[in-house]
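Examination of the molecular architecture
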Amino acid sequence: YTRLAPDLCLTYLPTLDYDLQRHGPSSPQADKALDILAAQLRVILLAAGEAGYETIVFGDYAIAPTSGPAVLPNLALAKAGLLATRNVRGMLYPDFHTSRAFAIVDHEIAHVYAADDSAADEASQVLESTPGIAEVLDAEAQAAAGLHCPRSGSLVAIAAEGTWLAYPWWSERRCAPDYATHVDIHNKPGFDPCELFFGWPPMSTSLDTSRIRGSHGRVGPGREVAWASTLELPQKPKSLLDLAGQAKHILDE
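All of the points below concern the structure found in this document. (Residues numbered from 1 in each chain as written. Predicted model: local features only at pLDDT ≥ 70, side-chain atom pairs only at ≥ 80, totals over all residues. Heavy atoms only, no water.)

As for the overall build of the protein chain
In terms of regular secondary structure, the protein chain is built from six helices and ten strands. Each principal axis of the C-alpha atoms in the protein chain carries an extent, and together these give about 60 × 45 × 35 Å. Out of the 253 residues belonging to the protein chain, those deemed buried represent 37%. Restricting to contacts in the protein chain with at least 6 residues of sequence separation, those with at least 24 account for 61%. With 19 positive and 31 negative side-chain charges, the protein chain shows a separation of 7 Å between the mean positions of the two kinds. (Helix = DSSP H or I, 4+ residues; strand = E, 2+ residues; numbered from the N terminus. Buried < 20%, exposed > 50% of the residue type's maximum accessible area, 1.4 Å probe, protein only. Contact = heavy atoms within 4.5 Å. Lys, Arg positive; Asp, Glu negative; His and termini not counted. Charge placed at Lys NZ, Arg CZ, Asp CG, Glu CD.)

Quick look at the structure:
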């Protein structure tokens, strides 16, 4: 058994993730989810200890409360003529190949991809004037924040505290594409937490962004990452990368 056991075991526990998005981090449901998570961790820690594993537990983001409808960067870009759409039987589908700019959203953050510098400048002006968007970072600002990489967007939009960014580019429900009410991670340009709720008709997913009560992506005070370890780390980790680096150094010795 010990010869065949893996050196590294990874698992994801969504217990806090989904209920905190549905109901918010201060809800009774969040308290119940925390109790469930504690029970799950007890099982994992017991099994890991019996098998001789060291254990690191961490949350890679902190969820903050949100209220009201989400901010729609793609709708703002579409109204400005930067995001192109195709009308198919009354439904609007994005045409990314001919669009001058579009946003890939992920909770409080969106990477905005622009066809050229001119489109990036226009998109930046549009998004900076969109209520609910706190910052728009160009490549230089992304580099300063440690965000820039070859696949980063020309811009990164950051939601204001208390709200989040959703992917829709339409303002009327009848214009939504067919997959808008499906669980469809491959067609939607970004994460859609509304999939956590049923909508109408039955068995479809909700389109009501105001139902989301928790989101993540921003950093700063109150957004610190939680962690715990059976390893004695030499110092408090400053980030998940620091946590992984310290653990690796100890295990390599």
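Side note on helix H1 (residues 15–23)
Buried within H1 are the following residues: Thr-15, Asp-17, Leu-20 and Gln-21. The inward-facing, buried residues of H1 contact helix H2 (28–50) and strand E9 (214–215).

A short note on the layout of surface pockets
Considered as a void within the structure, the largest pocket measures approximately 1,500 Å³ in volume. Taken together, 42 residues make up the lining of the largest pocket; nearest its centre are Thr-11, Ile-56, Val-57, Phe-58 and Gly-59. Only H1, H2, strand E1 (56–58), strand E10 (227–229) and helix H6 (240–252) provide two or more residues apiece to the lining of the largest pocket. Here the element with the most residues in the lining of the largest pocket is H6; it accounts for six residues. In this model, the second largest pocket occupies a volume close to 1,200 Å³. Lining the second largest pocket are 31 residues, with Asp-60, Leu-147, Gly-217, Arg-218 and Val-219 sitting closest to its centre. Elements supplying a minimum of two residues to the lining of the second largest pocket: strand E5 (101–106), strand E6 (109–114), strand E7 (133–137), strand E8 (155–159) and H6. Its residues assigned to classes, the lining of the second largest pocket shows 18 nonpolar, five polar and eight charged. (1 Å grid on protein atoms, 1.4 Å probe; cavity = no way out; pocket = protein on both sides within 12 Å on 5 of 7 lines; lining within 4 Å. Points joined across faces, edges and corners; volume = space filled by probe spheres on them. Nonpolar A, V, L, I, M, F, W, Y, C, P; charged D, E, K, R; others polar.)

With respect to the pattern of salt bridges
Applying the stated criterion across every chain, the model contains ten salt bridges. The residue Asp-19 makes a salt bridge to Arg-22 at a minimum N-O spacing of 2.9 Å. Here Arg-22 and Asp-19 lie together in helix H1, a separation of three residues that amounts to about one turn. Taking relative accessible area as the criterion, Asp-19 reaches 22% and is therefore assigned partly exposed. Two residues, Arg-223 and Glu-161, come together in a salt bridge whose shortest N-O distance is 2.7 Å. (Salt bridge = Lys/Arg side-chain N within 4 Å of Asp/Glu carboxyl O.)

Some details on the environment of Ala-64
Looking at the element boundaries, Ala-64 is found in strand E2 (residues 64–65). Dropping the residues within four chain positions of it, Ala-64 is found in contact with Pro-25, Glu-161, Arg-213, Gly-214, Ser-215 and Arg-223.

Here's the deal with the pairing of strand E3 (residues 85–88)
As judged from the four bridges shared by E3 and strand E4 (residues 91–94), these two strands associate in the antiparallel manner. Each residue of the ladder has a partner; that of Val-88, found in E4, is Met-91. (Pairing = 2+ DSSP bridges.)

Regarding the sheet that holds E6
As a general point, the strands of a sheet are linked pairwise by backbone hydrogen bonds and lie either parallel or antiparallel. Across the sheet, four strands lie side by side as E5-E6-E8-E7; this open sheet has antiparallel pairing. The two strands at the open ends of the sheet, each matched to only one other strand, are E5 and E7. Across the sheet, the mean angle separating the axes of adjacent strands is 20° when strand polarity is ignored. Judged from the four bridges that link them, E6 and E8 form a sheet pairing that is antiparallel. Counterpart to His-111 in the pairing with E8 is Val-156. (Axes fitted to C-alpha atoms, helices over the stretch in contact; angles between N-to-C directions.)

Quick look at the packing of aromatic side chains
Tallying each qualifying case throughout the model produces six aromatic pairs. Both rings, one in Tyr-167 and one in Trp-170, keep their centres 5.7 Å apart while their planes meet at 70°; by these two values the pair is edge-to-face. When its relative accessible area of 2% is taken as the criterion, Tyr-167 is described as buried. Among the aromatic side chains, those forming a connected cluster through ring pairs are Phe-96, Phe-102 and Tyr-113. (Phe/Tyr/Trp six-rings, centres within 6.5 Å; stacked < 30°, edge-to-face > 60°.)

As for unusual backbone geometry
Omega for the bond connecting Trp-200 with Pro-201 falls within 30 degrees of zero, at 5°, which places this linkage in the cis form. Assignment of secondary structure puts Pro-201 in the loop between E8 and E9. The backbone phi angle of Arg-89 is positive, close to 55°, even though this residue is not glycine. Here Arg-89 shows up in the loop between E3 and E4. Residue Arg-89 is classed as exposed on the basis of its relative accessible area of 78%. In this model, Met-203 sits at a positive phi of 75°, which is unusual for a non-glycine residue. By the secondary structure assignment, Met-203 is in the loop between E8 and E9.

Treat this as a map of the structure, not an account of what it does.
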